[in-house]
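# Survey of secondary and tertiary structure
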Amino acid sequence: MIQESYSKNRSLKEVSIETDLLIVGGGLSGTCAAITAARQGVKVVLVQDRPVLGGNASSEVRLWALGATSHMGNNNRWSRETGVTGEILEENLYRNKEGNALIFDTILIEKVKQEENITLLLNTSAFEVAHENTSIQAVKAFNSQNSTLYTLSAKRFCDASGDGVLSFLAGASFRMGAETIEEFGEKMAPNVEQYGELLGHTIYFYTKDTGKPVNFTPPAYALKDITELPRFKNIQADHTGCNYWWIEYGGRFDTIHETENIKYELWKIVYGIWNYIKNSGKFPEAENMTLEWVGTVPGKRESRRFEGLYMMKQQDVIEQRKFDDAIAHGGWALDLHPSDGVYSSLPSCTQWHSKGTYQIPLSTAISRDIDNLYFAGRLISVSHVAFGSTRVMLTSAVAAEGTAVAAAYSIKNDVLPKDTVEKEHIEKIQQALLEKSSYIPHLKLDKSNFLSAKAKVTVSSELNLAELRPSNTWKTLQMPTAQMLPITSDQKTLELRVPIIAGKETTVDVELKVSLDATNFTPEKVVGIQSKEIEKGHQFVDLKFDVSDLEDRYVFVCFAPNPDLQLNYSEDRITGILSVFRKENKAVSNFGQQEPPSDIGIDAFEFWTPQRRPEGQNITMQLQTPLFIGKKEHLDSGIIRPVTSTNAWIAALDDAYPTLTLEWENVEEISSMKLYFDADLDHAMESTQFGHPESIVPYCVESFRIKDENGKCLFQTENNHTTLCEITFDQPVKTSKLTVEFDRKDSRIPVSLFDVICD
Ligand SMILES: Cc1cc2nc3c(=O)[nH]c(=O)nc-3n(C[C@H](O)[C@H](O)[C@H](O)COP(=O)(O)OP(=O)(O)OC[C@H]3O[C@@H](n4cnc5c(N)ncnc54)[C@H](O)[C@@H]3O)c2cc1C
């Protein structure tokens, strides 16, 4: 028993921890940064004031994490985030394709707890910063669950807390609100009077059908008059969670210090909406439905943005400007919302896309005035307009990963953060990121120092694509439809034979289109036109395009809509081969094409986007000059996703036992291998609610074995489901030859591999 008499001077239990990197905030950015830094070999303390990780992506808030793929509604093909962020998404797909936010929580906690280098402090709120001149010494944090006061000192600090509590208390320069047009020449800068200058908070709710009638008596504070919400006609009984992203409020207030008041207003609106659904008589389908969950923590969109060595702006995103210190990519639209939110009569968001992905530089993550402070998440150094794009969670998370590698480098090499943007350092940081499968547009992994670079590589077969084979599926050519094909600069013509059924005598109109920038996937320039008159009935249409002037790149074979024509769709699913359609995806402001006002610094272009599986088949065709899209030399590209070519070794369609062999002149000692598979980086893996058709994407090799020169099996797996499969042998293997035997899982899906590294 503990019994204490009156004491005048009691104090909290105190614990001091010294670490290499202290990260405040365990949203997706802080979490991915912590895992990344830990894997780079530095000690990390991750402080998160909530009981779970994930921030807005957690079960406490339940936003689906999005990024460059933009729900597959823009032209950013194969742009899904990789690295730790991708690993988490791919694991979440594997275990949780239905998108249960609670399962997503468990994955984040598991991934963090598996890292020996991370000390995770949940329920722990950072509230005080000790700093001397321009350097942070320590952070104080309190955990109300174990009633402990922590003093956390570190060599480097990373603020991933959303509102930026650490940077604010450390005295770092920040902004809150919108820049004027004049400051950076950003033509999208909002009119502050009419539009406001901050995005607001949101609270979501989930409902469920109980199978029997349920009454609802609203709390006294619920909104009484639903017509106060200009969008009340959009309310639907079957909408839930993220569908209600427009329940936004607070952008006219101080979104930090007024948060509790904003929360009450949001609860008022949520319960008012549910009262309307249950009791207005307009939604009989809701009779058996009950409220299953209402958020208690508002999802915050915007507050402080801190000033780094560089501040990104609209033009960097739209013009896809290049940076020497690029560490990540983004691709979400510039997405601003009126500050009056749910009470505004204006459209709930203004979204303008760029023609492709853009780079994010490290200098946005390094404080310009505090020597040992990094930024991660929505608070990085970007203008209000650029924040409209960089803030989404998968983009924030990959930028945070880049920052974590830079922080680990800075600690291990004793280089100040601001100096790591210099060429001699940044190139090493970039290479470390690429090796871990991260994507930085326009950069390649230099593999010359790996053991695999010395090996002779042989493969059992290589795909020379002569046909996308026919199936029984015929579909009317109702909308503009295109097949994407990669061509090489040595190719003179593209000759296709396409099976078509015509309901009557008619014309087939086809354009060959390309992006102006070969690394984009926005078909904007017509480089060939074919118009063929055809008879009624089943026939083949021959198309021939001159491509002799084109460099290595994707071309779009675009069929004009014609209700009298049907195209056949193949069941062959091949890495780097996609069909796209000029269709709408209003959820991301894709209305078939982007037509901005002339004076806002945004490009007009068409959207050509894929269909989600089980749709999304390729157009059946024969390629008179086969496309050598699966050559093993692609394993040397240093890029692990399709860009201007498939960048993958792809086995032949009839190769039932694909193998890849690495052979050295002498016996080598091999400690580890990395294989980079095709986990379909075009598929947007929304983390929550959305749901996906499969747990492992069709293209991804699930089962393979690695054998040594004597045929001894060194490693095998039957459930690979990730882009990067990293194998560390218990003991270094001594051999002059490694053979990887892949199991093909479907004769319509050839085995493929982007890269292999041995070390
Ligand atoms: C309603 C809404 C819809 C959105 N839609 C999408 C979408 O569909 N997809 C998408 O990707 N993005 C979306 N966003 C944007 C995105 O959610 C945010 O920009 C993103 O969460 C920012 O990530 P972050 O890690 O910086 O912040 P957060 O996710 O907020 O994480 C910060 C974490 O730090 C913790 N923290 C704060 N203070 C302290 C402290 N003192 N000590 C310790 N920990 C602290 C917080 O509890 C939080 O968990 C939306 C945002 C909102 C609000």
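Residues numbered from 1 in each chain as written. Predicted model: local features only at pLDDT ≥ 70, side-chain atom pairs only at ≥ 80, totals over all residues. Heavy atoms only, no water.

## Regarding the nonpolar core
Grouped burial of nonpolar side chains is what soluble globular proteins tend to show. The test is simple: Throughout this description, the term nonpolar core refers to a set of buried Ala, Val, Leu, Ile, Met, Phe, Trp, Tyr and Cys residues connected via side-chain atoms within 4.5 Å. Summary of the burial criterion: residues with accessible area below 20% of their type's maximum are buried, those above 50% are exposed, and those between are partly exposed, where the area comes from a 1.4 Å probe applied to protein chains only. Secondary structure elements are defined from DSSP: runs of H or I of at least 4 residues count as helices, runs of E of at least 2 residues count as strands, and each element is numbered from the N terminus. Any two residues whose heavy atoms approach within 4.5 Å are treated as being in contact.
Leu485, Leu494, Phe559, Leu660, Met673, Phe704 and Phe742 are the most contacted members of the largest nonpolar core, which has 187 residues in total. If you tally residues by element for this core, the top one is helix H10 (residues 393-412), at 13 residues. In contact with Leu660, other than residues within four places in its own chain, are Val457, Thr458, Val459, Leu635, Trp649, Leu738, Thr739, Val740, Phe742, Leu753 and Val756. Within the second largest apolar cluster, 30 residues are counted, among which are Leu229, Phe232, Tyr271 and Ile273.

## Focus on the packing of aromatic side chains
Under the convention used in this document: Here the aromatic set is Phe, Tyr and Trp, taking the six-membered ring for Trp, and pairing holds for ring centres within 6.5 Å; pairs whose planes are under 30 degrees apart are stacked, those over 60 apart are edge-to-face, and all others are tilted. Charges are assigned to positions over rings by a cutoff of 6 Å between ring centre and Lys NZ or Arg CZ, combined with an angular limit of 35 degrees from the ring normal.
Scanning the model with the defined rule gives 24 aromatic pairs in all. Between Trp64 and Phe690, the ring centres sit 5.4 Å apart and the planes meet at 70°, which makes this aromatic pair edge-to-face. With a gap of 626 residues between them, Trp64 in the loop between strand E2 (44-47) and helix H2 (83-95) and Phe690 in the loop between strand E36 (659-676) and strand E37 (704-707) connect regions that are remote in the sequence. What links up through ring pairs into an aromatic cluster is the set Trp649, Phe677, Phe704, Phe715 and Phe742. The aromatic ring of Tyr206 is capped on one face by Arg62, whose charged end is 4.7 Å from the ring centroid. Taking NZ or CZ as reference, Arg304 lies 3.8 Å from the ring centre of Phe168, over its face.

## Here we look at the domain arrangement of the chain
Where we set the bar: Residue ranges for the domains trace back to a domain assignment, done automatically or taken from a database.
Along its sequence, the chain is organised into domain 1 (13-179 + 302-435), domain 2 (201-294), domain 3 (451-461 + 630-758) and domain 4 (470-570 + 578-626). Taking the mean C-alpha position of each, domain 2 and domain 4 sit 43 Å from one another.

## Describing the pattern of salt bridges
To be explicit about the condition: The working definition used for a salt bridge is a side-chain nitrogen of Lys or Arg within 4 Å of a carboxyl oxygen of Asp or Glu.
Within the structure shown, the criterion is met by 54 salt bridges. The residue Glu726 makes a salt bridge to Lys436 at a minimum N-O spacing of 2.9 Å. Of the two residues, Glu726 sits in strand E39 (residues 724-742) while Lys436 sits in the loop between helix H11 (423-435) and strand E18 (456-459), which places them 290 residues apart along the sequence. Judged by its relative accessible area of 39%, Glu726 falls in the partly exposed class. On the basis of relative accessible area, Lys436 is assigned to the partly exposed category, the value being 25%. Salt bridges sharing partners connect three or more residues here, namely Arg175, Glu179, Glu183, Glu302, Arg305, Glu307 and Arg368.

## Some remarks on a nonpolar patch on the surface
Which entries qualify depends on this criterion: Every patch collects residues that have over 30% relative accessible area and no salt bridge, joining them within 9 Å if they carry like charges and within 5 Å if they are nonpolar side chains (Val, Leu, Ile, Met, Phe, Trp, Tyr). Each accessible area is a Shrake-Rupley estimate made with a 1.4 Å probe; only the visible protein chains count as cover when residues are assessed.
A grouping of Phe168, Leu169, Phe174 and Met176 is seen on the molecular surface, where their side chains present a nonpolar patch of about 300 Å² in accessible area. If you trace the backbone, Phe168 turns up in helix H4 (residues 165-170).

## Details of the pairing of strand E34 (residues 621-627)
Applicable threshold: Think of it this way: DSSP has to see at least two bridges between two strands before they count as a pair.
As paired elements, strand E19 (residues 465-468) and E34 share three bridges and run antiparallel to each other. Among the inter-strand pairings, Glu467 is bridged to a residue of E34, identified as Gln622. Relative to E34, strand E22 (residues 493-502) runs antiparallel, the two sharing two bridges. Bridging from a neighbouring strand, Leu496 pairs with Leu623 of E34.

## As for the packing of helix H1 (residues 28-39) against helix H3 (residues 101-113)
So the rule is basically this: All axes are obtained by fitting lines to C-alpha atoms, using only the stretch in contact for helices, and the reported angles, taken between N-to-C directions, cover 0 to 180 degrees. Each angle is binned into one of four classes, with values under 35 degrees roughly parallel, values over 145 roughly antiparallel, values of 65 to 115 roughly perpendicular, and all other values oblique. With the far helix as reference, a near helix turned anticlockwise by less than a right angle produces a left-handed crossing, and one turned clockwise produces a right-handed crossing. Note on residue categories: nonpolar means Ala, Val, Leu, Ile, Met, Phe, Trp, Tyr, Cys or Pro, charged means Asp, Glu, Lys or Arg, and polar means any other residue, Gly included.
Viewed as axis vectors pointing N to C, H1 and H3 meet at an angle of 30°, and their least axial separation amounts to 10 Å. The orientation of H1 relative to H3 falls into the category roughly parallel. Like other packed secondary-structure pairs, H1 and H3 cross with a definite hand, here left-handed. Every residue of H3 that contacts H1 at Leu28, Thr31, Ile35 and Arg39 is listed here: Phe104, Leu108, Lys111 and Val112. Grouping the amino acids of the contact of H1 with H3 by side-chain chemistry returns five nonpolar, one polar and two charged.

## Focus: the site of the ligand
Counted only if it meets this: Only a single heavy atom is needed: when it lies within 4 Å of a molecule or strand, its residue is near that molecule or strand. Here a polar contact is taken to be a pair of N or O atoms separated by no more than 3.5 Å, where protein atoms must pair a possible hydrogen donor with a possible acceptor and residues adjacent in sequence count only if both atoms sit in side chains.
In the vicinity of the ligand there are 32 residues, among which Asp49, Trp64, Leu66, Arg391 and Met393 approach most closely. The contact in question runs from an oxygen atom of the ligand to an N or O atom on the side chain of Asn56, over 2.8 Å. A distance of 2.9 Å separates an oxygen atom of the ligand from a polar backbone atom of Arg378. Bound to the protein, the ligand loses 91% of the 980 Å² it would expose on its own. No other element matches the three residues that strand E4 (residues 124-132) contributes to the shell around the ligand. Tallied by class, the residues present in the shell around the ligand amount to 12 nonpolar, 14 polar and six charged.

## Considering the environment of Glu292
By the secondary structure assignment, Glu292 is in strand E11 (residues 289-294). Judged by its relative accessible area of 45%, Glu292 falls in the partly exposed class. Spatially, the C-alpha atom of Glu292 lies 7.6 Å from that of Phe205, the residues being 87 residues apart in sequence.

## Notes on the state of the cysteines
Put simply, the rule is: Two cysteine sulfur atoms make up a disulfide if the distance between them is within 2.5 Å.
Per the counting criterion, the structure on display carries zero disulfides. Free cysteine Cys32: the closest other cysteine sulfur is in Cys158, separated by 12 Å.

## Brief notes about H2
Spelled out, the test is: A helix is expected to span 1.5 Å multiplied by its residue count minus one.
The terminal C-alpha atoms of H2, which comprises 13 residues, lie 18 Å apart, in line with the 18 Å expected from a rise of 1.5 Å per residue. Of all 13 residues that make up H2, 11 are buried, and the element is covered over most of its length. Within H2 the residues assigned to the buried category are Gly83, Val84, Thr85, Gly86, Glu87, Ile88, Leu89, Glu90, Glu91, Asn92 and Leu93. If you follow the buried residues of H2, they end up packed against H1, H3 and H10.

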